[in-house]
Amino acid sequence: MSNKLPITKFSDTRQQILHAAKGIILGKGFAAVGLNEILSTAGVPKGSFYHYFKSKEQFGEALLTDYFDDYLHMLERILKDDGSSNSSRLLKFFQFWLDSQSSDDTTDKCLVVKLSAEVTDLSEAMRLTLKNGTDRIIACLTHCMEEGIRTGEFPAKLDAKAVTAEIYYMWIGATLLTKVCHTRAALECAMNATKEKLALN
């Protein structure tokens, strides 16, 4: 079976390249993946790459920006006010995180965990893209927590921004350990600690 993506999947060739690259890089990392492999998988002529990206570094920035845009859209859908409590929506997100990062499917794996240690030493531009993206995620989660404090779901004494950042950092670390240990234990500990932190136990 061919591993090429259908040409008609994306009308935007640039987006088609990014889509193909994400799956490959989630499996192999950034530096180890050659442009030929990405373009072959995307079903795009080899001369197309530099029409859309000036360098592999710029391509890496675009890949991360695209990843964070998609991630934020997903996160906003989960946290959108649907009549349920802010706490249930936050826990729904973290349950999604636990399930997706402990599964065998690489397509939903965290690109932040996959690339942070590798690319931050290679590219200042990519480091800043990672920082901006994670800041956006924390801000989105913070807003939901602030609403929960306002409605009395979470303790009024909580510093929403500080607690959200602490929880996010904990989950990133737990995701890294999940890759090391091949068990759900670290993520389950993160879930229990999150509930305790938010006084939801």
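Everything in this summary refers to the structure shown in the same document. Bear in mind that the values here come from a model prediction, so they are computed numbers and not experimental data. (Residues numbered from 1 in each chain as written. Predicted model: local features only at pLDDT ≥ 70, side-chain atom pairs only at ≥ 80, totals over all residues. Heavy atoms only, no water.)

### Considerations on the overall build of the chain
What the chain contains, in helices and strands, is 9 helices and 0 strands. Starting at the N terminus and ending at the C terminus, the chain contains elements arranged as α-α-α-α-α-α-α-α-α. Across its three principal axes, the chain shows a C-alpha extent of roughly 55 × 35 × 35 Å. For the chain, the residues scored as buried account for 42% of the 201 residues in total. (Helix = DSSP H or I, 4+ residues; strand = E, 2+ residues; numbered from the N terminus. Buried < 20%, exposed > 50% of the residue type's maximum accessible area, 1.4 Å probe, protein only.)

### A closer look at helix α7 (residues 124-150)
Helical geometry note: an α-helix holds 3.6 residues per turn, so side chains three or four residues apart project in the same direction. Helix length check: α7 (27 residues) gives 38 Å between terminal C-alpha atoms against 39 Å at 1.5 Å per residue, within 8%. At the C-terminal side of α7, Gly152 shows a positive phi close to 85 degrees. (Expected span 1.5 Å × (residues − 1).)

### Observations regarding the packing of aromatic side chains
Evaluation of the coordinates by the stated rule reveals 14 aromatic pairs. Between Phe93 and Phe94 the ring centres are 5.1 Å apart and the planes differ by 55 degrees, which places this aromatic pair in the tilted class. The residues Phe93 and Phe94 share a single accessibility class, namely buried. Measuring from ring centre to ring centre gives 5.3 Å for Trp97 and Trp171, while their planes differ by 45 degrees; the resulting arrangement is tilted. Taken together, the residues Trp97 in helix α5 (residues 86-101) and Trp171 in helix α8 (residues 160-181) connect sequence positions 74 residues apart. Like Trp171, Trp97 is buried. Here the aromatic residues Tyr67, Phe68, Tyr71, Phe93, Phe94, Trp97, Tyr168 and Trp171 are joined through ring pairs into a cluster of three or more. The aromatic ring of Phe30 is capped on one face by Lys56, whose charged end is 4.7 Å from the ring centroid. (Phe/Tyr/Trp six-rings, centres within 6.5 Å; stacked < 30°, edge-to-face > 60°. Lys NZ or Arg CZ within 6 Å of the ring centre and 35° of its normal.)

### A closer look at the pattern of salt bridges
It is possible for side chains bearing opposite charge to pair when their charged atoms get close. Scanning the model with the defined rule gives 10 salt bridges in all. Note that Lys131 is salt-bridged to Asp135, the shortest N-O span being 2.9 Å. Here the residue Lys131 and the residue Asp135 both occupy positions in helix α7, the gap between them amounting to 4 residues, near one helical turn. For Lys131, a relative accessible area of 45% corresponds to the partly exposed category. Classification of Asp135 as partly exposed rests on a relative accessible area of 37%. In this structure, the salt-bridge partner of Glu166 is Lys197, at a minimum N-O distance of 3.0 Å. Here Glu166, found in helix α8, pairs with Lys197, found in helix α9 (residues 185-197); they are 31 residues apart in sequence, far enough to count as distant. (Salt bridge = Lys/Arg side-chain N within 4 Å of Asp/Glu carboxyl O.)

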